[in-house]
Amino acid sequence: MTTWFRRTPEADALLAEERLLLAATEMVHEALAATGTSMEELAARLGVRPAEIRRQLRGGRTLTLRSLARMMHELGYGIRIEANGSDDRGTACGR
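If you're wondering where the values come from, they're calculated on a predicted model, not measured in any experiment. (Residues numbered from 1 in each chain as written. Predicted model: local features only at pLDDT ≥ 70, side-chain atom pairs only at ≥ 80, totals over all residues. Heavy atoms only, no water.)

K.L.:
Can you help me understand the packing of helix H2 (residues 39-46) against helix H4 (residues 65-74) in this one?
P.N.:
The description of two helices packed together rests on the angle between their axes and the distance between the axes. H4 packs onto H2 with a crossing angle of 105 degrees between their chain directions and a minimal axis gap of 10 Å. Relative to H4, H2 is oriented roughly perpendicular. Packed against H2, whose contacting residues are Leu42, Arg45 and Leu46, the element H4 presents Arg70, Met71 and Glu74 at the interface. Of the residues belonging to the contact of H2 with H4, the class tally is three nonpolar, no polar and three charged. (Axes fitted to C-alpha atoms, helices over the stretch in contact; angles between N-to-C directions. Helix = DSSP H or I, 4+ residues; strand = E, 2+ residues; numbered from the N terminus. Parallel < 35°, antiparallel > 145°, perpendicular 65-115°, else oblique. Contact = heavy atoms within 4.5 Å. Nonpolar A, V, L, I, M, F, W, Y, C, P; charged D, E, K, R; others polar.)

Written out as C-alpha coordinates, the structure reads:
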(Lines give C-alpha, C1' and ligand atoms only; values in the text may rest on other atoms or scores of the structure.)
Protein backbone atom coordinates (compact mmCIF):
# COMPACT_ATOMS: atom_id res chain seq x y z
CA MET A 1 0.00 0.00 0.00
CA THR A 2 1.38 3.39 -0.97
CA THR A 3 0.94 6.32 1.35
CA TRP A 4 1.29 10.01 0.56
CA PHE A 5 2.82 10.69 3.95
CA ARG A 6 6.15 9.16 4.82
CA ARG A 7 7.41 9.35 8.37
CA THR A 8 10.78 11.01 8.28
CA PRO A 9 12.48 13.22 10.87
CA GLU A 10 11.70 16.24 8.67
CA ALA A 11 8.05 15.26 8.26
CA ASP A 12 7.72 14.69 12.01
CA ALA A 13 9.22 18.12 12.71
CA LEU A 14 6.84 19.79 10.26
CA LEU A 15 3.90 17.97 11.82
CA ALA A 16 4.99 19.19 15.27
CA GLU A 17 5.09 22.78 13.95
CA GLU A 18 1.63 22.48 12.44
CA ARG A 19 0.18 20.96 15.62
CA LEU A 20 1.53 23.83 17.70
CA LEU A 21 0.26 26.46 15.26
CA LEU A 22 -3.15 24.82 15.24
CA ALA A 23 -3.27 24.74 19.06
CA ALA A 24 -2.24 28.42 19.20
CA THR A 25 -4.80 29.61 16.66
CA GLU A 26 -7.55 27.56 18.32
CA MET A 27 -6.58 29.17 21.63
CA VAL A 28 -6.99 32.65 20.16
CA HIS A 29 -10.33 31.74 18.57
CA GLU A 30 -11.56 30.34 21.89
CA ALA A 31 -10.45 33.52 23.70
CA LEU A 32 -12.21 35.67 21.10
CA ALA A 33 -15.41 33.68 21.58
CA ALA A 34 -15.15 33.66 25.38
CA THR A 35 -14.70 37.43 25.52
CA GLY A 36 -17.20 38.23 22.78
CA THR A 37 -14.49 40.03 20.83
CA SER A 38 -14.44 40.13 17.03
CA MET A 39 -11.26 39.94 15.00
CA GLU A 40 -11.97 43.49 13.88
CA GLU A 41 -12.17 44.72 17.47
CA LEU A 42 -8.98 42.86 18.40
CA ALA A 43 -7.22 44.38 15.40
CA ALA A 44 -8.32 47.87 16.43
CA ARG A 45 -7.03 47.31 19.97
CA LEU A 46 -3.69 46.12 18.60
CA GLY A 47 -3.44 48.93 16.06
CA VAL A 48 -3.31 46.62 13.04
CA ARG A 49 -5.63 45.95 10.12
CA PRO A 50 -8.20 43.16 10.56
CA ALA A 51 -6.67 41.42 7.54
CA GLU A 52 -3.42 41.03 9.50
CA ILE A 53 -5.22 39.18 12.31
CA ARG A 54 -7.11 36.99 9.82
CA ARG A 55 -3.89 36.10 7.95
CA GLN A 56 -2.10 35.16 11.16
CA LEU A 57 -4.98 33.01 12.39
CA ARG A 58 -5.50 31.28 9.03
CA GLY A 59 -1.84 30.46 8.49
CA GLY A 60 -1.33 32.90 5.62
CA ARG A 61 1.28 34.68 7.67
CA THR A 62 3.48 33.26 10.38
CA LEU A 63 2.05 33.65 13.85
CA THR A 64 4.99 34.67 16.02
CA LEU A 65 5.21 34.11 19.75
CA ARG A 66 5.20 37.88 20.19
CA SER A 67 2.01 38.28 18.15
CA LEU A 68 0.35 35.41 19.99
CA ALA A 69 1.30 36.82 23.39
CA ARG A 70 0.09 40.28 22.41
CA MET A 71 -3.27 38.99 21.15
CA MET A 72 -3.87 36.84 24.20
CA HIS A 73 -2.81 39.64 26.57
CA GLU A 74 -5.24 42.02 24.88
CA LEU A 75 -7.98 39.43 25.35
CA GLY A 76 -7.16 39.12 29.06
CA TYR A 77 -5.23 35.87 28.93
CA GLY A 78 -1.67 34.82 29.65
CA ILE A 79 0.10 31.92 27.98
CA ARG A 80 1.99 28.99 29.43
CA ILE A 81 4.07 26.80 27.13
CA GLU A 82 5.11 23.33 28.24
CA ALA A 83 7.48 20.84 26.69
CA ASN A 84 6.33 17.25 26.94
CA GLY A 85 7.88 13.88 26.17
CA SER A 86 7.85 12.30 22.73
CA ASP A 87 4.23 11.07 22.96
CA ASP A 88 2.86 14.59 23.26
CA ARG A 89 5.40 16.94 21.75
CA GLY A 90 3.88 20.33 22.61
CA THR A 91 1.06 21.98 24.49
CA ALA A 92 -0.20 25.54 24.42
CA CYS A 93 -2.44 26.60 27.28
CA GLY A 94 -4.40 29.82 27.75
CA ARG A 95 -4.96 31.73 30.98
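K.L.:
Is there a simple way to explain the environment of Ala31 in this structure?
P.N.:
Relative to the elements of secondary structure, Ala31 occurs in helix H1 (residues 9-35). For the pair Ala31 and Met72, spaced 41 residues apart in sequence, the C-alpha to C-alpha distance is 7.4 Å. Excluding anything up to four places from it in sequence, Ala31 contacts Met72, Leu75 and Tyr77.

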